[in-house]
Amino acid sequence: MNYELEPTLQRPDLLISEIAPAPGFEVDQADYPWISKSSEVTTSLVTLSDGSQFRYGSIIGLSSSVSKIASGVNNEAAIKADQTMFRALPELISGNLPLSVDAVMNQMTGTNLYKTGKKGPDAARVYFSIERSDKDPLPIILRVAVTRHKEQQKLLGIITNANPQRRRKHDGGGR
Amino acid sequence: MEQGPKPNYEGLFDDNFKLISVHNMGTQILGAELVIRHGKKDYILNVEIYALHAARSADFEGEDSDADQTYVLPGDEIHFTDLKAIKERKFEDLADFLIEDVSS
């Protein structure tokens, strides 16, 4: 069974104590060139059990290439990767790099991207970003991608490719 | 760990040796995930200094971690010369830690 692209947040294993509706967030294609167009994504106001708060949304569905990679991820592996991300968020939001998270070198936009680390060759990796908005003091966590560990090269080619000619091949962009 | 400024890798990475991500403390690299092209295949390599590896192993203790294929280096940080040595395949036991990428 493959992982749903926009998983429910109603899961105690993610350390979430409360979820509430929040304003949408405008995702700029200049920051995420692999998405088909700039779009507003739905966000939720998430409160973790330690009191940490942030807005949370997903942009995986804005790219058919990234969606396809996500659909190949085993459900259990993706859930574990999500658990790792949510557990790391309080420390990351406060400006520190948790043990379980790596910084992704994005040569394309300079956007701050992170990914979960996990022991084992078959573990999934969740890629995510932290956005800030002038209108809201809370950080906005965007779930950018989820991939099998062994397929990261393909994802890397999509989200960190500095060559615009090659980028246009994804999602039929550049038409 | 404070994130601080990003490390400088100028001239090291190319189509045959790519950097996916790093675990850094300022400009000090403590861990990295790399894609290495060998022949017609791509391989992923996890590299960590011992302290990070031990801390992460403890962090993931109790979870299903599959086989651990992390290449552990001595010292307090991964130096440019370490990455260069990996790129040039100067570590004889490196092949045991390469994970074939199945993307293509």
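Residues numbered from 1 in each chain as written. Chains lettered and ligands numbered in written order. Predicted model: local features only at pLDDT ≥ 70, side-chain atom pairs only at ≥ 80, totals over all residues. Heavy atoms only, no water.

Peer 1: Explanation requested: the overall build of chain B in the structure shown.
Peer 2: Summing up its helical and strand segments, chain B has two helices and five strands in all. The helix and strand sequence of chain B, counted from the amino end, reads β-β-β-α-β-α-β. Burial statistics for chain B: of 104 residues in total, 44% are counted as buried. Considering only residue pairs separated by 6 or more positions, chain B has 43% of its internal contacts joining residues 24 or more positions apart. Surface exposure of chain B reaches about 5500 Å², of which carbon and sulfur atoms provide 48%. (Helix = DSSP H or I, 4+ residues; strand = E, 2+ residues; numbered from the N terminus. Buried < 20%, exposed > 50% of the residue type's maximum accessible area, 1.4 Å probe, protein only. Contact = heavy atoms within 4.5 Å. Areas by Shrake-Rupley, 256 points an atom, 1.4 Å probe, with all protein chains shown as cover.)

Peer 1: Help me out: how do you make sense of the pairing of strand β1 (residues 17-25) of chain B in this one?
Peer 2: One face of the sheet, then the other: side chains in a regular strand alternate in exactly this way. Residues and elements named next belong to chain B. Buried residues dominate β1, accounting for seven of its nine residues. Here β1 runs beside strand β2 (residues 28-38); their pairing, made up of eight bridges, is antiparallel. By the bridge assignment for β2, methionine 25 is matched with glutamine 28. Hairpin connection from β1 to β2: two residues lie between these consecutive antiparallel strands, with glycine 26 at a positive phi of about 65 degrees. (Pairing = 2+ DSSP bridges.)

Peer 1: Honestly, the packing of helix α1 (residues 64-71) of chain A against helix α3 (residues 152-159) of chain A in this entry has me stumped. Any pointers?
Peer 2: How two helices pack is summed up by the angle between their axes together with the distance between the axes. Residue and element names in this part refer to chain A. Running from N to C, α1 and α3 cross one another at 165 degrees; their axes reach a closest spacing of 10 Å. Taken together, the axes of α1 and α3 lie roughly antiparallel to each other. Between α1 and α3 the crossing geometry is left-handed. Between α1 and α3, the contacting residues are Ser65, Val66 and Ile69 on the first element and Lys154, Leu155, Ile158 and Ile159 on the second. For the contact of α1 with α3, the class distribution of residues is five nonpolar, one polar and one charged. (Axes fitted to C-alpha atoms, helices over the stretch in contact; angles between N-to-C directions. Parallel < 35°, antiparallel > 145°, perpendicular 65-115°, else oblique. Left-handed = near helix turned anticlockwise from the far one by under 90°. Nonpolar A, V, L, I, M, F, W, Y, C, P; charged D, E, K, R; others polar.)

Peer 1: Just to check I follow, could you spell out helix α1 (residues 50-59) of chain B for this structure?
Peer 2: For an α-helix the count is 3.6 residues per turn, leaving residues at separations of three or four pointing the same way. For α1 of chain B, every residue scored as buried is listed here: Leu52, His53 and Arg56 of chain B. Taken around the axis of α1 of chain B, the buried residues stretch over an arc of 100 degrees, which confines them to a single face. In this structure, the buried side of α1 of chain B is in contact with β4 (101-104) of chain A together with β1, β2, β3 (41-49) and β4 (70-73) of chain B. (Arc of directions from axis to C-beta.)

Peer 1: Can you walk me through the confidence of the model for chain A in this structure?
Peer 2: The predicted coordinates ought not to be read in detail in places where the model reports low pLDDT. Residue and element names in this part refer to chain A. Of all residues in chain A, 78% attain a pLDDT of 70 or more, and the chain-wide mean is 82. Contacts of residues 1-5 to residues separated by more than four positions or lying in other chains number 20 contacts, the stretch itself having pLDDT below 50. pLDDT under 50 marks residues 162-175. Its contacts with residues more than four places away, or in other chains, come to 18 contacts. (pLDDT = per-residue confidence, 0-100.)

Peer 1: Help me understand a negative patch on the surface, please; the structure alone is not making it clear to me.
Peer 2: Taken together, the side chains of Glu26, Asp28, Asp31 and Glu40 of chain A make up a negatively charged region of the molecular surface. When you line up the elements, glutamate 40 of chain A lands in strand β2 (residues 39-48). (Patch = residues over 30% accessible without salt bridge, like charges linked within 9 Å, V, L, I, M, F, W, Y side chains within 5 Å. Salt bridge = Lys/Arg side-chain N within 4 Å of Asp/Glu carboxyl O. Lys, Arg positive; Asp, Glu negative; His and termini not counted. Charge placed at Lys NZ, Arg CZ, Asp CG, Glu CD.)

Peer 1: Before we go on, may I ask you to explain the pattern of salt bridges in this structure?
Peer 2: Oppositely charged side chains may form a pair once their charged atoms are brought near each other. Applying the stated criterion across every chain yields a total of 13 salt bridges over all chains. The residue aspartate 102 of chain A makes a salt bridge to lysine 115 of chain A at a minimum N-O spacing of 3.8 Å. Of this pair, aspartate 102 of chain A sits in strand β4 while lysine 115 of chain A sits in strand β5 (residues 113-116), and the two are 13 residues apart along the sequence. As far as burial versus exposure is concerned, aspartate 102 of chain A and lysine 115 of chain A are alike and both buried. The closest approach of N and O atoms between glutamate 48 of chain B and arginine 56 of chain B, which form a salt bridge, is 3.0 Å. Comparing glutamate 48 of chain B with arginine 56 of chain B shows no difference in burial state: the two are buried.

Peer 1: Sorry if this is basic, but what is going on with α1 of chain A here?
Peer 2: Buried residues of α1 of chain A: Ser65, Val66, Ser67, Ile69 and Ala70 of chain A, and no others. Looking at the buried positions of α1 of chain A, the neighbouring elements they touch are β7 (136-148) and α3 of chain A.

Peer 1: Whenever I open this one, the environment of leucine 48 of chain A confuses me. Can you help?
Peer 2: Residues and elements named next belong to chain A. Along the chain, leucine 48 turns up in strand β2. Leucine 48 sits 68 residues away from threonine 116 along the chain, and the two C-alpha atoms are 18 Å apart. Excluding its chain neighbours within four sequence positions, the residues that come into contact with leucine 48 are Leu14, Leu15, Ile16, Ser17, Phe54, Phe86 and Pro90.

Peer 1: How do you make sense of the environment of serine 44 of chain A when you look at a structure like this?
Peer 2: All names here are of chain A. Here serine 44 shows up in strand β2. Accessibility expressed as a relative area gives 19% for serine 44, which makes it buried. Residues serine 44 and serine 63, 19 residues apart in the sequence, show an inter-C-alpha distance of 21 Å.

Peer 1: Which parts of the structure should I look at to understand the packing of aromatic side chains?
Peer 2: The description of an aromatic ring pair uses the distance of the two centres, along with the angle that the planes make with each other. All names here are of chain A. Summed over the entire model, instances satisfying the criterion amount to seven aromatic pairs over all chains. Ring centres of tyrosine 32 and tryptophan 34 lie 5.5 Å apart, and the angle between their planes is 90 degrees; this geometry places the pair in the edge-to-face category. Here tyrosine 32 matches tryptophan 34 in class, with each residue buried. Taken together, Phe54, Tyr56 and Phe86 form an aromatic cluster joined through their ring pairs. (Phe/Tyr/Trp six-rings, centres within 6.5 Å; stacked < 30°, edge-to-face > 60°.)

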